[in-house]
Amino acid sequence: MEHQDQNDIRLHNTQMLLEIIRTRRLVSRADLAKLARMSPTSVTRIVGDLQRLNLVRETNQFSTGVGRRAVMLDIVPQELYTLGIQIDKHYFRICIMDFASTPVVLETIKYDCCRHSVEETVQFCLSHYQRLASARNIDTGKVIGMGVAVVGAVDPENKRSLLSPQLGWHNIPLHDYFYEAFGLPLVVDNDVKASLLGEQHILSISPSSDIALLLLGSGVGSAASAGGSLFRGRQNAAGEVGHIIVDHGTNATVCECGRSGCLQTHVAVQYLIAKAQAHDPKLTTLHQLRQAYDAGTDWAVAIMDDCMQHIVLALDIITSMYNPAQTVIYGSLLYEFSHLLPDMLSRYKKTIQVPGVSANNIVVSTPDDTSCVLGCCLMTYRELLPSYLEERILCAT
């Protein structure tokens, strides 16, 4: 038991020092000892372990200031990689991220998942991964694991897609399919929760911040994190704000979940387009709806006014439930109708009831829409790096 306790402490300290070096990049052994509140001897021993694994190296830079100049340490970005795959209805996105959290490969491939079996989809992902890794001369033996995010309900513990109406999936054992094809340890999560991690990275928000996220695209979903931990709820179903019933009328729109009057039937892209097609059958894209709105077409203005009201309702629900320090909003709807943001925030200001929360707490994400796949890579590091270190450091002694 005592030996196990010592190993746990050693592994914890190794992870802590490695994360400090990875976050700060250039740091001396003396600074590490101060930051981690560890003895210089312990720091030197652990840094030696990390150097032997080629995860940390001495640079040709030195500390400045009074006294003896210390050699600065840095990570070796090309020594470890993670693979991230985001699967959506009409595309999948792939990212290979190095140890410095830099995406060295990032590509979106059009793909109609509903027309293919799970096996075909996984093999398609594999072939593109192999092609992209080869093109960038990435040693796939240094990929420590992969993260997969899919739309819909996901069981991250058992690595299953429980229900994804968008993909036509029900109770799919993702681990079995992906591990058989890729041979890599696997982390699985819902696309919105993965996006939250990606947004924290993109917007340089501290991982320990209390933050919420609202997705506005082909679906409406939310996620929240407090003190660095995702709020999951029972069966990982926390955050399904899009399926709160807001319309109890007899003419309420039927949602893809099977119920009528869900919030997302007023906001999600496919429902907006369906409403627009009742007036203009030739309209098939969000951009065309924006053109009709900008032209002042009555029905387009009415559709988007209703949409904005329900986005404000979703924001009000999230801030009332989680009281986050910041709420990030992102998605294709937001980017296409970005000129409506001032009106939306003005409406939101009038509804806020939570003490300490204002419209200034709302952060609009960048329109590159890569947060989910970046989050896949980041959650893979978070989940799998400890076991990677344990295997190579503790088992080597």
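Residues numbered from 1 in each chain as written. Predicted model: local features only at pLDDT ≥ 70, side-chain atom pairs only at ≥ 80, totals over all residues. Heavy atoms only, no water.

Visitor: What is the right way to read the pairing of strand S10 (residues 169–173) from this model?
Guide: Put simply, side chains in a regular strand alternate between the two faces of the sheet. Sheet analysis places strand S9 (residues 160–164) next to S10, joined by 4 bridges and oriented antiparallel. Each bridged residue has a counterpart across the sheet, and for Arg160 the counterpart in S10 is Pro173. With antiparallel pairing between neighbouring strands as the criterion, S9 and S10 make up a hairpin whose turn holds 4 residues, including Gly168 at a positive phi of roughly 75°. (Pairing = 2+ DSSP bridges. Helix = DSSP H or I, 4+ residues; strand = E, 2+ residues; numbered from the N terminus.)

Visitor: In this structure, what is going on with helix H4 (residues 118–135)? I would like to understand it.
Guide: For H4, spanning 18 residues, the distance from its first C-alpha to its last is 26 Å, which sits close to the expected 26 Å at 1.5 Å a residue. Every buried residue belonging to H4 is among Val118, Thr121, Val122, Cys125, Leu126, His128, Tyr129, Leu132 and Ala133, and all of these are buried. In this structure, the buried residues of H4 make contact with strand S4 (81–87), strand S5 (91–98), strand S6 (103–110), strand S7 (143–150), S10 and helix H5 (174–182). Looking one or two residues beyond H4, the residue adopting positive phi is Asn137, at roughly 55°. (Expected span 1.5 Å × (residues − 1). Buried < 20%, exposed > 50% of the residue type's maximum accessible area, 1.4 Å probe, protein only. Contact = heavy atoms within 4.5 Å.)

Visitor: In this structure, what is going on with the sheet that holds strand S8 (residues 153–155)? I would like to understand it.
Guide: The strands making up a sheet associate through hydrogen bonds between their backbones, and the pairing can be parallel or antiparallel. On the basis of which strands lie adjacent, the open sheet formed by 3 strands has the order S8-S9-S10 and antiparallel pairing. Across the chains shown, the open sheet's two edge strands, defined by having one partner strand only, are S8 and S10. Each strand axis lies, on average, 10° off the axis of its neighbour in the sheet, ignoring direction. On top of the sheet, H5 reaches S9 and S10; it is set at about 55° to S10, its chief contact. (Axes fitted to C-alpha atoms, helices over the stretch in contact; angles between N-to-C directions.)

Visitor: Honestly, the nonpolar core in this entry has me stumped. Any pointers?
Guide: Note on soluble globular proteins: their nonpolar side chains tend to be buried together. Residues Leu214, Leu289, Met304, Ile311 and Leu333 are the most contacted members of the largest nonpolar core, which totals 54 residues. With 12 residues, the single largest contributor to this core is helix H9 (residues 298–322). Those residues in contact with Leu289 that lie beyond four places of it in its chain are Leu272, Ala276, Leu283, Trp299, Ala300, Met304 and Phe337. (Core = buried A, V, L, I, M, F, W, Y, C linked by side-chain atoms within 4.5 Å.)

Visitor: Can you walk me through the confidence of the model for the protein in this structure?
Guide: Do not read the predicted coordinates in detail wherever pLDDT is low. Overall, the prediction assigns the protein a mean pLDDT of 89, with 94% of residues at 70 or greater. Of all the helices and strands in the protein, helix H1 (residues 2–24) carries the lowest mean pLDDT, 83, while S4 carries the highest, 97. (pLDDT = per-residue confidence, 0-100.)

Visitor: Would you mind going over the sheet that holds strand S13 (residues 220–226) with me for this structure?
Guide: Pairing is mixed in the open sheet, where 5 strands are placed in the order S14-S13-S12-S15-S16. Each of the sheet's edge strands pairs with one partner strand only, and the pair in question is strand S14 (229–230) and strand S16 (362–364). In the packing of H9 onto the sheet, the strands contacted are strand S12 (211–216), S13, strand S15 (326–330) and S16, and the crossing angle to S12 comes to about 160°.

Visitor: Any chance you could explain the side chain of Asp189 here in plain terms?
Guide: By secondary structure assignment, the location of Asp189 is in strand S11 (residues 186–190). By relative accessible area, Asp189 is classed as buried at 2%. For Asp189, the residues in contact, after removing those within four places along its chain, are Val148, Ala149, Val150, Val154, Leu230, Arg232, Asn236 and Met379.

Visitor: Explain the packing of helix H7 (residues 269–277) against H9 to me, please; I cannot follow it from the model alone.
Guide: In a pair of packed helices, the angle between the axes and the distance between the axes together describe the arrangement. Running from amino to carboxyl end, H7 crosses H9 at an angle of 155°, the nearest separation of the two axes being 10 Å. Classed by the angle they form, the pair H7 and H9 counts as roughly antiparallel. In terms of crossing hand, the pair formed by H7 and H9 is right-handed. In this structure, H7 uses Leu272, Lys275 and Ala276 to contact H9, whose residues at the interface are Trp299, Ile303, Met304, Asp306 and Cys307. Taken together, the residues of the contact of H7 with H9 sort by class into 6 nonpolar, no polar and 2 charged. (Parallel < 35°, antiparallel > 145°, perpendicular 65-115°, else oblique. Left-handed = near helix turned anticlockwise from the far one by under 90°. Nonpolar A, V, L, I, M, F, W, Y, C, P; charged D, E, K, R; others polar.)

Visitor: Explain the pairing of S4 to me, please; I cannot follow it from the model alone.
Guide: Within S4, 7 of the 7 residues are buried, which leaves the element mostly enclosed by the surrounding structure. Judged from the 7 bridges that link them, S4 and S5 form a sheet pairing that is antiparallel. Its bridge partner being in S5, Gln86 is matched across the sheet by Arg93. The loop that links S4 with its antiparallel partner S5 comprises 3 residues.

Visitor: Could you clarify how one ought to interpret the packing of H9 against helix H11 (residues 341–351) in this entry?
Guide: Here H9 crosses H11 at 45°, and the two axes come no closer than 9 Å. Here H9 lies oblique to H11, going by the angle between them. Crossing hand, H9 versus H11: right-handed. Residue-level contacts link Asp305, Met308, Gln309, Ile311, Val312, Leu315, Asp316 and Thr319 of H9 to Met344, Arg347, Tyr348 and Thr351 of H11. The class makeup of the residues in the contact of H9 with H11 is 6 nonpolar, 3 polar and 3 charged.

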